[in-house]
Amino acid sequence: MLNLKHLAVFLLVSISLMQCSRNLTIIDLPISFDEQRKQLSLDYLKNRYEIVKDFPSIEPKMVVVHFTVVPTWQKTYGVFFGPKLPGFRTAIQGASQLNVSSQYLIDRDGTIYQLLPDTVFARHVIGLNHSAIGIENVADGDQLPMTNEQLKANARLIRQLAEKYPIEYVIGHDEYQSFRNHPLWKETDSNYLTQKNDPGEEFMTKLRKKLAGLNVKGPPE
Ligand SMILES: [Zn+2]
């Protein structure tokens, strides 16, 4: 027999289960955001995009999906942690000394880590960082292909971000150059471009299927 107390407990459990399935579990794992990273981010916005601000914030309009090539989340966290780019990154060093990073990192089992707040600047995609939230995934597309858990986690995270921000585009890093003639493209040096293959067409096709019904676009023609 159900009495009132049982009913109350049942309702509470039901409500908390509903909230669990609606809200994603995101683990806070902040990288260093010290005075140096703040200044290097402000310099990047000014020098690369001619955007002058007091604080390096972004206005999210797109999500860019990446893979790390680094084999674990711990090592990736170590790579992104410090504010300055390590000396061996010669191909992108001339553009800025700011270290690369992203707002999110997804491990192979689908665990989502938040490295920076959504609206804090991260260097992860040429031309578009002022409006792009970056999601890195622990994978390399070859020995470590993207997992099904990562696919699900990316889709759920992007759906949640699209509820909070006016996200218009969801693209793979390998698609970024198709924005070169788009109003969102702000890079001032037309020769500053790098070739990317992450996360690849196969993953983005699967991800777009998972995002069906969400009002977002892929790269412009
Ligand atoms: Zn990338």
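Residues numbered from 1 in each chain as written. Predicted model: local features only at pLDDT ≥ 70, side-chain atom pairs only at ≥ 80, totals over all residues. Heavy atoms only, no water.

K.L.:
Can you walk me through the overall build of the protein chain in this structure?
P.N.:
On a plain count of helices and strands, the protein chain comes out with 6 helices and 6 strands. Mapped from its N terminus to its C terminus, the protein chain presents α and β elements in the order α-β-α-β-α-α-β-β-β-α-β-α. Taken against the 2.2 N^0.38 rule, which gives 17 Å for 221 residues, the C-alpha radius of gyration of the protein chain at 19 Å falls within 12% of a compact globule. Considered along the principal axes of its C-alpha atoms, the protein chain spans approximately 75 × 40 × 35 Å. Residue burial in the protein chain is summarised as follows: out of 221 residues, 47% are buried. Long-range pairs, those at least 24 residues apart, make up 74% of the contacts in the protein chain between residues at least 6 apart in sequence. When the accessible surface of the protein chain is summed, it comes to about 11,800 Å², and 54% of that surface belongs to carbon and sulfur atoms. For the protein chain, the distance from the average site of its 25 positive side-chain charges to the average site of its 24 negative ones is 4 Å. (Helix = DSSP H or I, 4+ residues; strand = E, 2+ residues; numbered from the N terminus. Rg over C-alpha atoms; globule rule 2.2 N^0.38 Å. Buried < 20%, exposed > 50% of the residue type's maximum accessible area, 1.4 Å probe, protein only. Contact = heavy atoms within 4.5 Å. Areas by Shrake-Rupley, 256 points an atom, 1.4 Å probe, with all protein chains shown as cover. Lys, Arg positive; Asp, Glu negative; His and termini not counted. Charge placed at Lys NZ, Arg CZ, Asp CG, Glu CD.)

K.L.:
Whenever I open this one, the environment of Val120 confuses me. Can you help?
P.N.:
Structurally, Val120 is set in the loop between strand 4 (112-114) and strand 5 (132-137). On a C-alpha basis, the gap between Val120 and Lys206 in space is 28 Å, while along the polypeptide they are 86 residues apart. Those residues in contact with Val120 that lie beyond four places of it in its chain are Phe33, Phe55, Pro56, Ile58 and Gln103.

K.L.:
Got a minute to help me understand the coordination of the zinc ion in this structure?
P.N.:
Reference values for angles at a metal are 109.5 degrees in the four-donor tetrahedral case and 90 or 180 degrees in the six-donor octahedral case. Taken together, the protein ligands of the zinc ion are His66 (ND1), His173 (ND1) and Asp198 (OD), with distances of 2.1 Å. Read in sequence order, the donor residues for the zinc ion give the motif H-x106-H-x24-D. Linking His66 in the loop between strand 2 (62-65) and helix 3 (73-81) with His173 in the loop between strand 6 (169-172) and helix 6 (201-210), this pair joins segments that are 107 residues apart in sequence. (Donors = N, O, S within 2.8 Å, 3.2 Å for Na, K, Ca; no water.)

K.L.:
Whenever I open this one, the sheet that holds strand 1 (residues 26-28) confuses me. Can you help?
P.N.:
Within a beta sheet, neighbouring strands are joined by backbone hydrogen bonds and run either parallel or antiparallel to one another. Ordered by their spatial adjacency, 6 strands build an open sheet running 1-4-3-5-2-6, and the pairing between neighbours is mixed. Two strands lie at the open edges of the sheet, namely strand 1 and strand 6, each paired on one side alone. Between one strand axis and the next, the sheet turns by 25° as a mean value, whatever way the strands run. Here strand 1 runs beside strand 4; their pairing, made up of 3 bridges, is parallel. (Pairing = 2+ DSSP bridges. Axes fitted to C-alpha atoms, helices over the stretch in contact; angles between N-to-C directions.)

K.L.:
Got a minute to help me understand the packing of helix 5 (residues 148-164) against helix 6 in this structure?
P.N.:
To describe two helices that pack against each other, one gives the angle between their axes and the distance between the axes. The geometry of helix 5 relative to helix 6 is characterised by a closest axis approach of 10 Å and an angle of 50° between their N-to-C directions. The angle between helix 5 and helix 6 falls in the class oblique. For the crossing formed where helix 5 meets helix 6, the hand is right-handed. Residues Gln150, Leu151, Lys152, Asn154, Ala155, Ile158 and Arg159 of helix 5 form the contact with helix 6, whose own contacting residues are Phe203, Lys206, Leu207 and Lys210. Its residues placed into classes, the contact of helix 5 with helix 6 shows 5 nonpolar, 2 polar and 4 charged. (Parallel < 35°, antiparallel > 145°, perpendicular 65-115°, else oblique. Left-handed = near helix turned anticlockwise from the far one by under 90°. Nonpolar A, V, L, I, M, F, W, Y, C, P; charged D, E, K, R; others polar.)

K.L.:
In this structure, what is going on with helix 6? I would like to understand it.
P.N.:
Given 3.6 residues per helical turn, the α-helix brings residues three or four places apart onto the same face. Phe203, Met204 and Leu207 are the residues of helix 6 that are buried. End-on, the buried residues of helix 6 take up no more than an arc of 95°, which puts them together on one face. Every exposed residue of helix 6 that faces more than 90 degrees away from the buried side is listed here: Glu201, Glu202 and Lys209. Tucked inside the fold, the buried residues of helix 6 contact strand 2, helix 5 and strand 6. (Arc of directions from axis to C-beta.)

K.L.:
What is the right way to read the confidence of the model for the protein chain from this model?
P.N.:
Low pLDDT means the predicted coordinates in that region are not meant to be read closely. Overall, the prediction assigns the protein chain a mean pLDDT of 92, with 90% of residues at 70 or greater. Note that pLDDT drops below 50 for residues 14-21; the model gives that stretch 2 contacts with residues more than four away or on any other chain. (pLDDT = per-residue confidence, 0-100.)

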